[in-house]
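Descriptive analysis of the structure
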Amino acid sequence: MNDSPAHTDAPVLDVWCELQCPDCRSALDDLRALRARYGDRLELRLRHFPLEKHKHAFAAAQAAEEALEQGKGWEYVEAVLGRVEELDRGGEPFLVEVARELGLDAEEFDTALVDGRHILIVDADQAEGKAIGVTGTPTYVIGGERLDGGKSQEGLRERVAEIADRLLAERE
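Predicted model only: the values in this text are computed from it and were never measured.

What about unusual backbone geometry?
Here the bond from T137 into P138 is cis, since omega is -5°, no more than 30 degrees from zero. Assignment of secondary structure puts P138 in the loop between α6 (119-131) and β3 (139-142).

Set out below in C-alpha coordinates:
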(Lines give C-alpha, C1' and ligand atoms only; values in the text may rest on other atoms or scores of the structure.)
Protein backbone atom coordinates (compact mmCIF):
# COMPACT_ATOMS: atom_id res chain seq x y z
CA MET A 1 0.00 0.00 0.00
CA ASN A 2 1.42 3.35 -1.00
CA ASP A 3 -0.69 6.48 -1.17
CA SER A 4 1.97 8.88 -2.38
CA PRO A 5 3.05 8.90 -6.00
CA ALA A 6 6.67 7.79 -6.04
CA HIS A 7 9.17 8.04 -8.83
CA THR A 8 9.16 4.80 -10.76
CA ASP A 9 12.89 4.47 -10.18
CA ALA A 10 12.67 5.03 -6.41
CA PRO A 11 13.95 2.18 -4.26
CA VAL A 12 11.11 0.28 -2.58
CA LEU A 13 10.92 -0.49 1.12
CA ASP A 14 8.33 -3.19 1.72
CA VAL A 15 7.08 -3.05 5.29
CA TRP A 16 5.45 -6.34 6.28
CA CYS A 17 3.13 -5.25 9.03
CA GLU A 18 0.14 -6.24 11.10
CA LEU A 19 -2.13 -3.59 12.58
CA GLN A 20 -2.73 -5.41 15.86
CA CYS A 21 1.01 -5.83 16.51
CA PRO A 22 2.66 -3.81 19.31
CA ASP A 23 6.07 -4.24 17.60
CA CYS A 24 4.68 -2.60 14.47
CA ARG A 25 3.48 0.31 16.59
CA SER A 26 7.05 0.64 17.92
CA ALA A 27 8.28 0.77 14.31
CA LEU A 28 6.15 3.83 13.49
CA ASP A 29 8.81 6.30 14.62
CA ASP A 30 11.35 4.64 12.32
CA LEU A 31 8.92 4.74 9.39
CA ARG A 32 8.09 8.40 10.01
CA ALA A 33 11.81 9.23 10.18
CA LEU A 34 12.50 7.38 6.92
CA ARG A 35 9.60 9.16 5.18
CA ALA A 36 10.88 12.51 6.46
CA ARG A 37 14.43 11.77 5.33
CA TYR A 38 13.67 10.42 1.86
CA GLY A 39 10.26 11.77 0.88
CA ASP A 40 9.32 10.40 -2.52
CA ARG A 41 12.88 9.20 -3.21
CA LEU A 42 12.00 6.03 -1.27
CA GLU A 43 8.73 4.24 -1.90
CA LEU A 44 7.31 2.87 1.35
CA ARG A 45 4.86 0.03 0.71
CA LEU A 46 2.75 -1.49 3.44
CA ARG A 47 2.47 -5.23 2.98
CA HIS A 48 -0.02 -7.19 5.03
CA PHE A 49 1.01 -10.09 7.22
CA PRO A 50 -1.85 -10.69 9.69
CA LEU A 51 -0.85 -13.13 12.41
CA GLU A 52 -3.29 -15.80 13.57
CA LYS A 53 -2.72 -14.91 17.23
CA HIS A 54 -4.42 -11.54 16.67
CA LYS A 55 -8.10 -12.08 15.90
CA HIS A 56 -8.74 -8.64 14.36
CA ALA A 57 -5.57 -8.43 12.26
CA PHE A 58 -7.11 -9.75 9.04
CA ALA A 59 -10.03 -7.29 9.23
CA ALA A 60 -7.60 -4.48 10.04
CA ALA A 61 -5.55 -5.29 6.93
CA GLN A 62 -8.70 -5.11 4.81
CA ALA A 63 -9.63 -1.82 6.47
CA ALA A 64 -6.19 -0.39 5.66
CA GLU A 65 -6.76 -1.24 1.99
CA GLU A 66 -10.13 0.53 2.10
CA ALA A 67 -8.42 3.57 3.66
CA LEU A 68 -5.89 3.51 0.82
CA GLU A 69 -8.73 3.43 -1.69
CA GLN A 70 -10.24 6.46 0.06
CA GLY A 71 -6.91 8.31 0.00
CA LYS A 72 -5.67 8.06 3.59
CA GLY A 73 -3.82 4.74 3.78
CA TRP A 74 -0.81 5.57 5.95
CA GLU A 75 -2.80 8.02 8.07
CA TYR A 76 -5.26 5.24 8.86
CA VAL A 77 -2.49 2.70 9.55
CA GLU A 78 -0.82 5.07 12.00
CA ALA A 79 -4.12 5.84 13.73
CA VAL A 80 -4.94 2.15 14.23
CA LEU A 81 -1.41 1.15 15.27
CA GLY A 82 -1.38 3.96 17.80
CA ARG A 83 -4.36 2.36 19.52
CA VAL A 84 -3.57 -1.37 19.36
CA GLU A 85 -5.25 -2.07 22.73
CA GLU A 86 -8.51 -0.50 21.51
CA LEU A 87 -8.40 -2.72 18.42
CA ASP A 88 -7.87 -5.73 20.71
CA ARG A 89 -11.05 -4.83 22.60
CA GLY A 90 -13.19 -3.23 19.89
CA GLY A 91 -12.58 -5.26 16.75
CA GLU A 92 -14.35 -4.25 13.54
CA PRO A 93 -16.54 -1.52 15.08
CA PHE A 94 -13.31 0.17 16.24
CA LEU A 95 -11.89 -0.01 12.68
CA VAL A 96 -15.00 1.71 11.34
CA GLU A 97 -14.85 4.33 14.11
CA VAL A 98 -11.25 5.25 13.23
CA ALA A 99 -12.34 5.70 9.61
CA ARG A 100 -15.11 8.04 10.78
CA GLU A 101 -12.64 10.02 12.94
CA LEU A 102 -10.38 10.54 9.91
CA GLY A 103 -13.28 11.80 7.80
CA LEU A 104 -13.44 8.70 5.63
CA ASP A 105 -16.68 7.10 4.46
CA ALA A 106 -17.40 4.87 7.46
CA GLU A 107 -20.40 3.22 5.82
CA GLU A 108 -18.19 2.15 2.93
CA PHE A 109 -15.66 0.75 5.43
CA ASP A 110 -18.39 -1.29 7.06
CA THR A 111 -19.55 -2.58 3.66
CA ALA A 112 -15.96 -3.39 2.60
CA LEU A 113 -15.43 -5.46 5.76
CA VAL A 114 -18.68 -7.33 5.14
CA ASP A 115 -18.27 -7.95 1.39
CA GLY A 116 -14.57 -8.82 1.63
CA ARG A 117 -13.55 -6.79 -1.43
CA HIS A 118 -9.94 -6.48 -0.21
CA ILE A 119 -9.40 -10.09 0.92
CA LEU A 120 -7.46 -11.09 -2.21
CA ILE A 121 -4.90 -8.29 -1.68
CA VAL A 122 -4.36 -9.33 1.93
CA ASP A 123 -4.14 -13.03 1.02
CA ALA A 124 -1.65 -12.31 -1.78
CA ASP A 125 0.56 -10.23 0.52
CA GLN A 126 0.51 -12.93 3.18
CA ALA A 127 1.36 -15.66 0.67
CA GLU A 128 4.22 -13.62 -0.78
CA GLY A 129 5.51 -12.88 2.72
CA LYS A 130 5.55 -16.57 3.60
CA ALA A 131 7.29 -17.36 0.32
CA ILE A 132 10.16 -14.98 1.07
CA GLY A 133 10.55 -16.09 4.67
CA VAL A 134 8.57 -13.52 6.64
CA THR A 135 7.62 -15.11 9.96
CA GLY A 136 6.71 -12.10 12.09
CA THR A 137 6.08 -8.39 12.01
CA PRO A 138 7.45 -5.92 11.33
CA THR A 139 9.76 -7.25 8.63
CA TYR A 140 11.39 -4.95 6.09
CA VAL A 141 12.59 -5.84 2.61
CA ILE A 142 14.75 -3.40 0.67
CA GLY A 143 17.24 -4.04 -2.10
CA GLY A 144 16.64 -7.79 -1.81
CA GLU A 145 17.60 -7.82 1.88
CA ARG A 146 15.15 -8.95 4.58
CA LEU A 147 15.41 -7.27 7.98
CA ASP A 148 13.42 -8.78 10.85
CA GLY A 149 12.07 -6.09 13.16
CA GLY A 150 9.95 -8.51 15.19
CA LYS A 151 12.99 -9.59 17.20
CA SER A 152 14.46 -6.10 17.67
CA GLN A 153 14.02 -2.63 16.17
CA GLU A 154 17.56 -1.76 17.23
CA GLY A 155 19.63 -0.42 14.34
CA LEU A 156 17.02 -1.17 11.67
CA ARG A 157 16.36 2.44 10.66
CA GLU A 158 20.10 2.92 10.14
CA ARG A 159 20.38 -0.31 8.15
CA VAL A 160 17.42 0.62 5.93
CA ALA A 161 18.92 4.10 5.38
CA GLU A 162 22.29 2.57 4.52
CA ILE A 163 20.72 0.32 1.86
CA ALA A 164 18.47 3.12 0.54
CA ASP A 165 21.45 5.47 0.23
CA ARG A 166 23.37 2.81 -1.68
CA LEU A 167 20.43 2.11 -4.00
CA LEU A 168 19.90 5.83 -4.63
CA ALA A 169 23.61 6.34 -5.37
CA GLU A 170 23.51 3.46 -7.89
CA ARG A 171 20.64 5.20 -9.74
CA GLU A 172 22.47 8.52 -10.16
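Now, onward.
Side note on helix α7 (residues 156-171)
Here α7 is 16 residues long and its end C-alpha atoms lie 23 Å apart, about the 22 Å a rise of 1.5 Å per residue gives. What α7 keeps buried is the set L156, V160, A161, I163, A164, L167 and L168. Along the axis of α7, the buried residues cluster in a sector spanning 165°; they form a single face. More than 90 degrees from the buried face of α7, the exposed residues found are E158 and E170. Structurally, α7 contributes buried residues whose contacts are with β1 (12-17), α1 (22-38), β3 and β4 (145-148).

Focus: the environment of V122
Position of V122 relative to the elements: it lies in helix α6. When the C-alpha atoms of V122 and F58 are compared, they prove to be 7.6 Å apart, with 64 residues separating the residues in sequence. When sequence neighbours within four positions are dropped, the list of residues in contact with V122 reads H48, P50, F58, A61 and Q62.

Cut-offs used in this document
Residues numbered from 1 in each chain as written. Predicted model: local features only at pLDDT ≥ 70, side-chain atom pairs only at ≥ 80, totals over all residues. Heavy atoms only, no water. Helix = DSSP H or I, 4+ residues; strand = E, 2+ residues; numbered from the N terminus. Expected span 1.5 Å × (residues − 1). Buried < 20%, exposed > 50% of the residue type's maximum accessible area, 1.4 Å probe, protein only. Arc of directions from axis to C-beta. Contact = heavy atoms within 4.5 Å.

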